[in-house]
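So the chains spell out like this:
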Amino acid sequence: MVLQELGQKIKDALNKLNKSDNIDQKLLKEMLTTLSIALIKSDVNLHLVKKLTSNIQSKFDEIQEETGNKKLMIQKAVVKELQNMLTSKKKAYVMVRGKPNVVMFVGLQGSGKTTTCTKYANFYQKKGWKVGLVCADTFRAGAFDQLKQNATKCRIPFYGSYTEMDPVKIAEEGVSYFKKLKYEIIIVDTSGRHKQEDALFEEMKQVSAATSPDDIIFVMDSHIGQACHAQAEAFKKTVDIGSVIITKLDGHAKGGGALSAVAATESPIIFIGTGEHFEDFEQFNPESFIKRLLGMGDIKGLFEKVQEVVSKENQEKLAKNISKGIFSLRDMRDQYTSVMKMGPLDKVMNMIPGMSNMMLPEGSEKEASKKMKRFLCIMDSMTDGELDGKQKIDEGRIKRIARGSGALIVEVNLLLDEYKRFQKIVGKMGSLVKGKGGDLTQMQRNPNQFMSKLNGMLPQGMLEQLGGTGNLMNMMKEFQSLEGMSGLMKGGKGRKGKK
Ligand code: GDP
Ligand code: MG
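Residues numbered from 1 in each chain as written. Chains lettered and ligands numbered in written order. Predicted model: local features only at pLDDT ≥ 70, side-chain atom pairs only at ≥ 80, totals over all residues. Heavy atoms only, no water.

1. Details of the site of ligand 1
- Close contacts around ligand 1 come from 17 residues, with Gly110, Lys113, Thr115, Arg140 and Asp250 the closest.
- Between ligand 1 and the protein, one listed contact pairs an oxygen atom with a backbone N or O atom of Gly273 at 3.4 Å.
- Looking at which element gives the most residues to the shell around ligand 1, the answer is helix α5 (residues 113-126), with four residues.
- Residues belonging to the shell around ligand 1 are distributed by class as follows: one nonpolar, ten polar and six charged. (Near = heavy atom within 4 Å. Polar contact = N/O pair within 3.5 Å; in protein donor to acceptor, adjacent residues only side chain to side chain. Helix = DSSP H or I, 4+ residues; strand = E, 2+ residues; numbered from the N terminus. Nonpolar A, V, L, I, M, F, W, Y, C, P; charged D, E, K, R; others polar.)

As structure tokens, then:
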């Protein structure tokens, strides 16, 4: 069963509880059966499924004496148990600035090590770390060329050899080469074999001994399903696995087996690979993952992504402008640029509660990003005065902008219309943020009034799309609890939003 389907099946199971007001043993059993079948069909290890159901049963027994909404308690317990299933007790290795952090990649041939090494290197390099790649795969013909090509595409320095056949020697040399140059993250890509065989495990041990890695990352292909558990166990026995990356969890992948195999490695999943491109790579967090799987949105993940691509200055500037109700063409350009950097729109949409159910129509994601690129191109032809709203854009200017960007006059007008729409919303938002009380804590004081005000300013139907008032309230609360969001939440100077 593919992941999307699994999410739906779990939701179905949880919805079973909505049949009646009171949850009894029979209803619970019905729900647990549906849930178990879904998990097993997704290749989750039988042992884990049994543990999960027995934990929920215990929870049910435990809350019998309690007052309160038992249905909700059980639904929450299920979500919690699913999260726990993907959570490792062990903490992931944390990179240390200013010293070499050696990271070794292990896994079977074809699991995606070389691709993932590059994605991983790219991820850290973008964050400003000094990263180098070492190719210690001498087993597979062309391995060095592959790594070299990947590294070159992402402009990551690399080390390898066409002639040296001893992987241990290359690994050792490569690591000390980058250490001398004061690199902070040194990634060692190793060879794999088609199956778990002694030669591979022996080589892994030797490379590990020669390079003393700070972290050993086990790369596992999610396609192998049920076999994941045994494979993870075998690797765990040979080397000290620190963390796990699951690859090929693309849209329609069946990933239950791989994801739940963390139980066997006792190591945390740190990233997942979701495609062949270098940007198809996501930090993994059990809570975010389960929430998205169940269509509950992932505000925290969205927020982290925004922070990743938007500079702090830009965030602060925008927050300040919004609180004043100001929105310039330049702001719009910054927003578009950020959205483009966040990656495929459909993935971003999935993080917004309720949006995942909306299901972007086929091709509309491509259309939207094409339009954004077009608009960005047009805005590049504008002068500073035009972008900052100091210069009125009259017909003559529209013509010039169209000519300069190779766009049609209608396209420029379309952009200006869209800008006006945004400007209007931001203008209204400003008055809301500035409103009585000076900040959004007003929302907590009088949520109903706040919501009806908000509903009045959003385009029609948008509130329902966002999952209705309840969902939006939760989203706002989540927003408020996030560090760094206070800038936007604060209307008046020096006031802090209530937690
Ligand atoms: P290695 O033998 O472990 O080094 O594996 P490679 O990095 O050479 O990858 C094997 C194949 O899997 C290549 O065709 C990659 O493009 C592909 N691949 C790796 N990661 C992903 C992923 O997350 N999604 C998809 N769809 N393909 C991937
Ligand atoms: Mg490889």
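2. Here we look at the packing of helix α3 (residues 46-62) against helix α4 (residues 70-85)
- At a minimum axis distance of 10 Å, the contact between α3 and α4 shows a crossing angle of 150°. Between α3 and α4, the crossing angle belongs to the class labelled roughly antiparallel. Between α3 and α4 lies a crossing whose hand is right-handed. Contact residues: α3 offers Leu48, Leu52, Asn55, Ile56, Lys59 and Phe60, while α4 offers Ile74, Ala77, Val78, Glu81, Leu82 and Met85.
- Across the contact of α3 with α4, the residue classes break down as nine nonpolar, one polar and two charged. (Axes fitted to C-alpha atoms, helices over the stretch in contact; angles between N-to-C directions. Parallel < 35°, antiparallel > 145°, perpendicular 65-115°, else oblique. Left-handed = near helix turned anticlockwise from the far one by under 90°. Contact = heavy atoms within 4.5 Å.)

3. Notes on the side chain of Thr114
- By the element assignment, Thr114 lies in helix α5.
- Of the residues examined, Thr114 reaches a relative accessible area of 9% and is grouped as buried.
- At a separation of 2.7 Å, a polar atom in the side chain of Thr114 contacts the side chain of Asp189.
- Excluding its chain neighbours within four sequence positions, the residues that come into contact with Thr114 are Gln146, Leu147, Asn150 and Asp189. (Buried < 20%, exposed > 50% of the residue type's maximum accessible area, 1.4 Å probe, protein only.)

4. Some points on the pattern of salt bridges
- Enumeration over the complete set of coordinates arrives at 13 salt bridges.
- The salt bridge involving Arg374 is made with Glu411; its shortest N-O contact spans 3.0 Å. Of this pair, Arg374 sits in helix α18 (residues 364-380) while Glu411 is found in helix α21 (residues 409-434), placing the two residues 37 residues apart along the sequence.
- Across the pair Arg400 and Glu386 runs a salt bridge, and its minimum N-O distance is 3.0 Å. Of the two residues, Arg400 is situated in helix α20 (residues 395-405) and Glu386 in helix α19 (residues 384-387); the sequence distance between them amounts to 14 residues.
- A single salt-bridge network, built from bridges that share partners, covers Arg330, Asp384 and Asp388. (Salt bridge = Lys/Arg side-chain N within 4 Å of Asp/Glu carboxyl O.)

5. A short note on the sheet that holds strand β5 (residues 215-221)
- With mixed pairing, the eight strands of this open sheet are ordered in space as β3-β2-β4-β1-β5-β6-β7-β8. Of all the strands in the sheet, the pair left with one neighbour each is β3 (158-159) and β8 (281-283).
- With two bridges joining them, strand β2 (residues 131-136) and β3 adopt parallel strand pairing. Opposite Val134, over in β3, you have Tyr159 as the bridge partner. (Pairing = 2+ DSSP bridges.)

6. Examining empty space enclosed by the protein
- Applying the stated criterion across every chain, the model contains three cavities of 30 Å³ or more.
- Here the largest cavity defines a volume of roughly 120 Å³.
- Forming the boundary of the largest cavity are 14 residues, of which Leu6, Leu39, Met85, Leu86 and Ile290 lie nearest the centre.
- Listed by contribution, the elements that provide at least two residues to the lining of the largest cavity are α1 (3-16), α4, α10 (256-260) and α12 (286-293).
- By volume, the second largest cavity amounts to about 50 Å³.
- Lining the second largest cavity are Val310, Asn314, Lys317, Leu318, Asp331, Asp334, Gln335 and Ser338.
- Looking at the lining of the second largest cavity, the elements with two or more residues in it are α14 (312-324) and α15 (329-341).
- Per-element accounting of the lining of the second largest cavity gives the leading share, four residues, to α15.
- Taken together, the residues of the lining of the second largest cavity sort by class into two nonpolar, three polar and three charged. (1 Å grid on protein atoms, 1.4 Å probe; cavity = no way out; pocket = protein on both sides within 12 Å on 5 of 7 lines; lining within 4 Å. Points joined across faces, edges and corners; volume = space filled by probe spheres on them.)

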